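Below, each chain spelled out in residue letters.
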Amino acid sequence: MTSRRSNIIGGRDVASEQWTPNVNPSDTSDVIAEYAHGSSSDAEEAVGAARDALSGWAFASPQQRADVLDRGANEVIRRADELGELLAREEGKTLPEARGEVLRAGQILKYHGGQALRNAGEIIDSVRPGLEVTMTREPLGVVSVITPWNFPIAIPAWKIAPALAYGNTVVFKPAELVPGCAWEQADILRRAGLPEGVLNLVMGTGREVGPVLTGSADVDGVSFTGSVTTGEGILATTTPHRTRVQLEMGGKNPLVVLDDADLDVAVDVALQGAFGATGQRCTASSRLVVTDGIHDRFVAALTDAMQAWRVGDARDDGTQMGPVVNASQLEQDERYLAVARDEGGEVRGGERLKRPTAGHYLAPALVVGTTNTMTVNRDEVFGPVAAVIRVADFEEALAVANDTEFGLSSGIVTRSLAAASHFRRHSTAGMVMVNVPTAGVDYHVPFGGRRASSCGPREQGSYARDFFTVVKTSYVAPGSP
Ligand code: ADP
C-alpha cells in the first residue's frame, strides 16, 4: 500500500480527508507516497498554532534556536544521498543536482543557526545629554512561507532557517508537486527539538490554503517564491492587513556573449545556465545576447553541445538533464516553442523524447534568429528553452540585456576587464555574473532582483534579517534605576 504523510500542525501529524499522490516525472507509474491535501481550516489551525507558539520562541535563548538549526542541518547533511534521491524522484533534477541542493539546504540551516547568535543591536548617545538610545531587532512574528516546486528543499530552507533563527514562528506551504522533501525537512526540524507549533506544515493547493496564509490578520509576514501572477495576487491579499511581504518571482535573464569571449567558456556557461536543472530556474539564462563576430561559431558549438546532452531518468547514471516537472509544464514549453516558430524563430531541438519509462522528456531547445520583442524573449518559459538574439556590439548587447520587465540575474562572457566592469555597473539586474552562469548562487550572500522579479527585502545571507525582524528603538533616561 502507498504510504501517507500528514500535515504537521502544532507538532502533531494531522490527517486530511483527501490525499494527493506524489508522482515521479521521470516515470509517471511511480508514486512516491500520498500526501495530505490540506484545507483552509487546516491552514487556520496552523496559523493559530504558530500564533500560540510565538512568544515562547521569540523569547527563547538564541542558543536554543542555534542548536535546533544545527542539529537539523546535521541530519540533512548526513542523509544527503537519501534525500537527494527523493528530490530527484519527485522533481526530476539529476541525482548530482539533487544531492547538491540537499547539501546546500543543510549548509543554509547551519549558517542561520550561527546567525541566531549574531543578532546584535546598536547603541548610540542620544542628542539629549545623558540619554542612551538602543536599536534592537525583534522577530517579525508569524510568517507564512510559500514555496515553488523547482527547489524543493533549498528554497524552503532559505526562508524557514532565518525565520526560525530570529525567533519567528512559521506556517509552511510547499508546492503541490513536491511535498516529499518539504515533509522530511519539517519532520527533521521537529525532531531536532523545535517546540510544538513553531514550524507548521500545511500541504495543499494554493487556491485553498493560500488565501488563509496570506490574508489572515494573524500573519505578520509572507515570504513567497513563485510566479509573477501569484506574487501579485499575494500583494493584493496582504495589503488590507499591512502584512510584510517578500516576493521572489520570475526572471528573463540575459547572458551576453562578446566577440572576445573564450568560446569553450561561453558554450559551457550558456549550456549550464540555460539547461541545468532542465532550465526550470528563475535564474536560468533564457536570453543569449550574442555579438555579431562570434554569433555563428557560438550558435554552432552550443547546438552541438546541447544535442550531445543526455536527457533521461533523473536517477540514472550519466543523465545530464532530467524530465520537465509535469505534463502541463511540458505543454507550456511546447506552446512557447510553437509561438517562437510563428513569430519567425528557428527552433533547434525541443522535441518530445521517448524513454523506457513514461516521463515528461523534452530535448533542450535553442531558438535562433530571435529579436528581443518576441514572446519567447519577454515571457518566462521556465523550461529547457533558450533564445539567441544577435546584436551588433557591446553597447547594443547591454541595452538588450536591460530591456526586460524582469531584473533578477544577468551575465557576461568576455575576456575584457573593461567590458566586464562596465556591464557590472550598468546591468539593471539584482545579481550580475562574469564568466559564470546566471544560475547558481552562494547561500551566504543576498539573493534577489529588481522590477517584476522581486518585491521586498533581499533573501539569504545576513541580509535575510531585514525581512524577518522588526527594529525597536529604545530611549533610556540617565540614572534610571
Ligand atoms: P509555479 O509556476 O512555480 O507553480 P506558482 O506561483 O503557481 O508558481 O506557485 C508557487 C507557490 O504558490 C506554490 O506553493 C503554490 O501552491 C502557491 N500558490 C498558488 N496560488 C496561491 C495563492 N492564491 N495564494 C497563495 N499561494 C499560492
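See the structure shown above.
Residues numbered from 1 in each chain as written. Predicted model: local features only at pLDDT ≥ 70, side-chain atom pairs only at ≥ 80, totals over all residues. Heavy atoms only, no water.

1. Here's the deal with the sheet that holds strand E6 (residues 122-125)
A sheet is described by the order of its strands in space; here three strands give the open sequence E6-E7-E21, paired in antiparallel fashion. Whereas interior strands pair on both sides, the edge strands pair on one side only; in this sheet they are E6 and strand E21 (469-476). Taken pair by pair, the neighbouring strands of this sheet meet at an average axis angle of 25°, ignoring direction. Relative to E21, strand E7 (residues 132-139) runs antiparallel, the two sharing eight bridges. Residue Glu-132 lies in a different strand from E21, and its bridge partner there is Val-476. (Pairing = 2+ DSSP bridges. Helix = DSSP H or I, 4+ residues; strand = E, 2+ residues; numbered from the N terminus. Axes fitted to C-alpha atoms, helices over the stretch in contact; angles between N-to-C directions.)

2. Quick notes on helix H5 (residues 154-165)
Compared with an ideal rise of 1.5 Å per residue, which puts 12 residues at 16 Å, H5 spans 16 Å between its outermost C-alpha atoms and is within 8% of the ideal. H5 sits mainly inside the fold: 12 of its 12 residues count as buried. For H5, the set of buried residues is Ala-154, Ile-155, Pro-156, Ala-157, Trp-158, Lys-159, Ile-160, Ala-161, Pro-162, Ala-163, Leu-164 and Ala-165. (Expected span 1.5 Å × (residues − 1). Buried < 20%, exposed > 50% of the residue type's maximum accessible area, 1.4 Å probe, protein only.)

3. Quick word on the sheet that holds strand E1 (residues 4-5)
If you walk across this open sheet you meet the three strands as E1-E5-E4, and the pairing is mixed. In this open sheet, the two strands that pair with only one neighbour each are E1 and strand E4 (18-24). The pairing of E1 with strand E5 (residues 27-37) spans two bridges and is parallel. Considered in E5, the bridge of Arg-4 is made with Glu-34. Where helix H3 (residues 80-91) meets the sheet, it contacts E4 and E5, and its direction lies at approximately 105° from that of E5. (Contact = heavy atoms within 4.5 Å.)

4. A look at the packing of aromatic side chains
Considering all chains together, one arrives at four aromatic pairs under this definition. Ring geometry for Tyr-111 against Tyr-443: centres 6.1 Å apart, planes inclined by 80°, an arrangement best described as edge-to-face. Note that Tyr-111 is positioned in helix H4 (residues 95-115) and Tyr-443 in the loop between strand E19 (431-434) and strand E20 (454-455), a separation of 332 residues in sequence. According to the relative accessible area criterion, Tyr-443 is partly exposed, its value standing at 25%. Ring geometry for Trp-158 versus Phe-447: centroids 5.4 Å apart, planes at 45°, classification tilted. Placement of Trp-158 in helix H5 and of Phe-447 in the loop between E19 and E20 is noted, with a sequence separation of 289 residues between them. The same class applies to Trp-158 as to Phe-447, namely buried. (Phe/Tyr/Trp six-rings, centres within 6.5 Å; stacked < 30°, edge-to-face > 60°.)

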